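If you want the building blocks of each chain, they are given just below.
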Amino acid sequence: MDFGIASVAAITVIAYLVGAACKASQKVSDNWIPVICGIVGAALGVAGLYIMPDFPAKDAVNALAVGIVSGFAATGINQAVKQLSKNTD
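Please read these numbers as outputs of a predicted model, since none were measured by experiment.

Concerning a nonpolar patch on the surface
Piece 1. The grouping of Val13, Tyr16 and Leu17 at the surface amounts to a nonpolar patch, some 290 Å² of accessible area in total.
Piece 2. As for its position among the elements, Tyr16 is in helix 1 (residues 6-25).
Piece 3. A relative accessible area of 37% means that Tyr16 is categorised as partly exposed.

A short note on the side chain of Ser70
Piece 1. Structurally, Ser70 is set in helix 3 (residues 60-84).
Piece 2. In contact with Ser70, not counting residues within four places along its chain, are Val8, Ile11 and Thr12.

Re the side chain of Thr12
Piece 1. With respect to the element layout, Thr12 can be found in helix 1.
Piece 2. Excluding residues within four positions of it along the chain, Thr12 makes contact with Ser70, Ala73, Ala74 and Ile77.

About the criteria used
Residues numbered from 1 in each chain as written. Predicted model: local features only at pLDDT ≥ 70, side-chain atom pairs only at ≥ 80, totals over all residues. Heavy atoms only, no water. Patch = residues over 30% accessible without salt bridge, like charges linked within 9 Å, V, L, I, M, F, W, Y side chains within 5 Å. Areas by Shrake-Rupley, 256 points an atom, 1.4 Å probe, with all protein chains shown as cover. Salt bridge = Lys/Arg side-chain N within 4 Å of Asp/Glu carboxyl O. Helix = DSSP H or I, 4+ residues; strand = E, 2+ residues; numbered from the N terminus. Buried < 20%, exposed > 50% of the residue type's maximum accessible area, 1.4 Å probe, protein only. Contact = heavy atoms within 4.5 Å.

This is how it looks when you write it as structure tokens:
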């Protein structure tokens, strides 16, 4: 199975969904959602290193970094959509 860069996109989507679930629960402060997305991304990045043979990182430190960046990208995507949909009157 050739996942390659698609696995990075999958980490971003999963981290986004976890962040959205935290927001919907209203039990987590909005300030913590980016941190939670980063931690989820980190965990998924390291898991991807061992589970997916075509993961784009070949060691744990790079897998951790790929996961964290993917998790933070989920927060960035959320903010980009939010800012672009604002009424600029």
